[in-house]
Amino acid sequence: MFCISAKLLQMVAIEDKLSQVNWDFPDSDTKENINSIHPYPAKFIPEIPRNLIRLIGLPPGTCVLDPFCGSGATLVEAQMAGFPAIGIDLNPIACLISQVKTRPPPADFLDSSISVVEQAKKSKRTAVPKISNLDHWFQRDIQEAIARLLTQVDHIKNASTKDALYLSLSSILVRVSNQESDTRYAAVHKKVDRESFYALFLNTAARLTAIKALNKPKTNEVEIACKNILEVTPMDFPHSVGLVVTSPPYPNAYEYWLYHKYRMFWLGYDPIQVKNQEIGARAHYFKKNHQTEHDFRRQMRNVLELLWAVIVKGGCICIIIGRSIIHGRTIDNASMLTEIAGEVGFTSVGNISRQISSSRKTFNLSHANIKTENILVFRK
Ligand SMILES: C[S@@+](CC[C@H](N)C(=O)[O-])C[C@H]1O[C@@H](n2cnc3c(N)ncnc32)[C@H](O)[C@@H]1O
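Small disclaimer: the values here were computed from a predicted structure and weren't measured. (Residues numbered from 1 in each chain as written. Predicted model: local features only at pLDDT ≥ 70, side-chain atom pairs only at ≥ 80, totals over all residues. Heavy atoms only, no water.)

### Structural notes on the nonpolar core
Of all hydrophobic cores here, the largest spans 88 residues; its most connected members are Ile146, Leu149, Phe197 and Leu304. For this core, the leading source of residues is helix H8 (residues 159–176), giving 8 residues. Both of domain 1 (6–91 + 222–253 + 283–379) and domain 2 (109–214) provide at least three residues apiece to this core. Setting aside residues up to four positions removed in sequence, Phe197 forms contacts with Ile142, Ala145, Ile146, Leu149, Leu169, Ile172, Val176 and Val192. Phe25, Ala85, Ile375 and Val377 belong to the second-largest nonpolar core, a separate cluster that totals 32 residues. (Core = buried A, V, L, I, M, F, W, Y, C linked by side-chain atoms within 4.5 Å. Buried < 20%, exposed > 50% of the residue type's maximum accessible area, 1.4 Å probe, protein only. Helix = DSSP H or I, 4+ residues; strand = E, 2+ residues; numbered from the N terminus. Domains from an automatic or database assignment. Contact = heavy atoms within 4.5 Å.)

### Some remarks on the packing of helix H3 (residues 73–81) against helix H4 (residues 92–102)
Between H3 and H4, the least distance of the axes is 9 Å, while the angle of their chain directions is 15 degrees. Taken together, H3 and H4 sit at an angle that is classed as roughly parallel. Along this stretch, H3 crosses H4, giving a crossing that reads as right-handed. Where H3 abuts H4, its residues Ala73, Leu75, Val76 and Gln79 lie against Ser98, Lys101 and Thr102. Here the contact of H3 with H4 is built from residues that sort into 3 nonpolar, 3 polar and 1 charged. (Axes fitted to C-alpha atoms, helices over the stretch in contact; angles between N-to-C directions. Parallel < 35°, antiparallel > 145°, perpendicular 65-115°, else oblique. Left-handed = near helix turned anticlockwise from the far one by under 90°. Nonpolar A, V, L, I, M, F, W, Y, C, P; charged D, E, K, R; others polar.)

### A few points about the environment of Phe25
Tracing the backbone through its elements, the reader meets Phe25 in the loop between helix H1 (6–18) and helix H2 (47–56). Classification of Phe25 by relative accessible area gives buried; the value is 15%. Measuring from C-alpha to C-alpha, the distance between Phe25 and Thr74 comes to 16 Å, with 49 residues separating the pair along the chain.

### A closer look at the side chain of Ser247
Within the fold, Ser247 resides in the loop between strand E6 (241–246) and helix H10 (256–259). A polar contact of 3.0 Å, which involves the side chain of Ser247, links it to the backbone oxygen of Ile320. For Ser247, the residues in contact, after removing those within four places along its chain, are Phe44, Asp66, Phe68 and Ile320. (Polar contact = N/O pair within 3.5 Å; in protein donor to acceptor, adjacent residues only side chain to side chain.)

### Quick word on the site of the ligand
Of all residues adjacent to the ligand, which total 22 residues, the nearest are Tyr40, Phe44, Ser71, Asp89 and Asn228. Between the ligand and Leu90, the relevant distance is 3.2 Å, taken from a nitrogen atom to a main-chain nitrogen or oxygen of the residue. At 3.0 Å, a backbone N or O of Ile279 approaches a nitrogen atom of the ligand. Protein chains shield 100% of the accessible area of the ligand, which is 610 Å² for the free molecule. Taken together, the residues of the shell around the ligand sort by class into 12 nonpolar, 6 polar and 4 charged. (Near = heavy atom within 4 Å. Areas by Shrake-Rupley, 256 points an atom, 1.4 Å probe, with all protein chains shown as cover.)

### Notes on the sheet that holds strand E10 (residues 347–355)
Read from one edge to the other, the open sheet built from 7 strands follows the order E5-E2-E1-E6-E7-E11-E10, with strand pairing classed as mixed. Pairing within the sheet leaves two strands with one partner each, and these edge strands are strand E5 (222–226) and E10. For this sheet, the mean angle separating the axes of adjacent strands, direction not counted, is 15 degrees. Bridge analysis of E10 against strand E11 (residues 372–379) gives 8 bridges, and the strand direction is antiparallel. Within E11, the residue paired with Gln355 across the bridge is Thr372. Relative to the sheet, helix H13 (residues 293–310) contacts strand E1 (63–66), E6 and strand E7 (311–321), its axis offset from that of E7 by approximately 150 degrees. (Pairing = 2+ DSSP bridges.)

### A look at H8
Helical geometry: 3.6 residues make up each α-helical turn, so side chains three or four residues apart lie on a common side. The first and last C-alpha atoms of H8 sit 25 Å apart over 18 residues, in line with the 26 Å expected at 1.5 Å per residue. Of all the 18 residues making up H8, 14 are buried; the element is thus mostly covered by neighbouring parts of the structure. (Expected span 1.5 Å × (residues − 1).)

### Observations regarding the domain arrangement of the chain
Along its sequence, the chain is carved into domain 1 (6–91 + 222–253 + 283–379) and domain 2 (109–214). Contact with domain 1, which involves 10 residues of that partner, is made by 9 residues of domain 2. Approximately 840 Å² of surface area, both sides summed, lies buried where domain 1 meets domain 2, with 65% of it carried by carbon and sulfur atoms. Across the contact surface, domain 1 and domain 2 share 0 salt bridges. Inspection of the region where domain 1 meets domain 2 yields 2 residue pairs in polar contact (both at pLDDT 80 or more). Each residue belonging to the side of domain 1 that touches domain 2 can be placed in one class, and the counts come to 3 nonpolar, 4 polar and 3 charged. (Buried area = accessible area lost by both parts, 1.4 Å probe. Salt bridge = Lys/Arg side-chain N within 4 Å of Asp/Glu carboxyl O.)

### Some details on the packing of aromatic side chains
Scanning the model with the defined rule gives 10 aromatic pairs in all. A ring pair is formed by Phe197 and Tyr198, whose centres lie 5.2 Å apart and whose planes are at 50 degrees; its orientation type is tilted. Look at Phe197 and you get buried, because its relative accessible area is 0%. Residue class for Tyr198 comes out buried when judged on its relative accessible area of 3%. Seen in terms of ring centroids, Trp308 and Phe346 are 5.0 Å apart; in terms of plane orientation they differ by 85 degrees. Their pairing is edge-to-face. Here Trp308 is found in helix H13, whereas its partner Phe346 is found in the loop between helix H14 (333–344) and E10, with 38 residues between them in sequence. Counting every residue linked through ring pairs, the aromatic cluster contains Trp137, Phe138, Tyr262, Phe265 and Trp266. Just above the ring of Trp308 sits the side chain of Lys380; from NZ or CZ to the centre is 4.8 Å. (Phe/Tyr/Trp six-rings, centres within 6.5 Å; stacked < 30°, edge-to-face > 60°. Lys NZ or Arg CZ within 6 Å of the ring centre and 35° of its normal.)

### With respect to the packing of H4 against H8
Pairs of packed helices are described in terms of their axes, by the angle between the two and the distance that separates them. Packing of H4 against H8 brings their axes to within 9 Å, and their N-to-C directions diverge by 120 degrees. Overall, the two elements H4 and H8 adopt an arrangement that is oblique. Along this stretch, H4 crosses H8, giving a crossing that reads as left-handed. Together, Ile93, Leu96, Ile97 and Val100 of H4 and Asp163, Ala164, Tyr166, Leu167 and Ser170 of H8 make up the contact between the two elements.

And the structure:
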């Protein structure tokens, strides 16, 4: 006689559900949705968290967690499905984007954007903050226009309006700088003047308003913490967690801090502090006594132990990760995470390989050459 445990049946059920979806999502188009309001490297296509939340679900009274929330795609999908969510990220620009995406649109936002531009144009000369290499990356008159605009935004009282204004500015900073593009760090001459800078800012604010108006979340219960995940403890969690959907940083693949370096400088954050704490940043793999895959393994073990402590029994964690290359050696991060999750006590209930669309340019970094990634699902 066969005796099939309930645990085994649930495992088979999850695998069966996951197999119903083509996880490559070749037709994904994120151009005019809420995820397009600000550039972010290696962000999820929304179909991934959307389908994981839909197929796996979570027990009543629990929430969805993304401990590396980046630009907040998981949080938005949890909101859309009516589940409360918690997002954590070290990078203040990530937290700003996630906040603005998941908060109700501020009623006075469009009027405030027009008013800050009018005030900035009328205002007296404003001191430009001391930022390293600023003249290399920004024309002098653009520096002055940004400084004037920021001074006006700093005076806004409503926190949601203020953040949406900061986000509108942050999203256009590379375009008005001398940096060739978001993914190319060469200085080139661009035809931008003060008028076109202010016009671009107003267009961005109008576009944000239009996109937010189309987004109809079922809940606004979203909490975002700007923290180093390695310093977070189970005591920091206001709700019990029923499902985790996340994509951790890969070792030696991206530099989130570098991508947002001048955004952070302008908005008053310290990018070097972010760099020092950023898991996987390439800078840590190219210095004397550089980090190795063992450091990444230790960091991921700490994160998985935290997830084990905060997730309810029967809850699942979904981790989306590709491989990386450290000093010429290919690191199979998916196998490493599967091993660690097993050591921590999780049971593997799914492992799907998906193709990454070649049009996602932030993924085509020559040093990483990442073309596929794995969706790993573990159950407590
Ligand atoms: C692959 S990205 C996440 C992208 C996200 N899924 C999205 O859709 O935008 C990984 C994130 O991990 C964050 N990160 C790196 N080190 C961290 C740390 N020590 N604590 C918290 N977050 C960290 C980075 O800032 C980055 O946003």
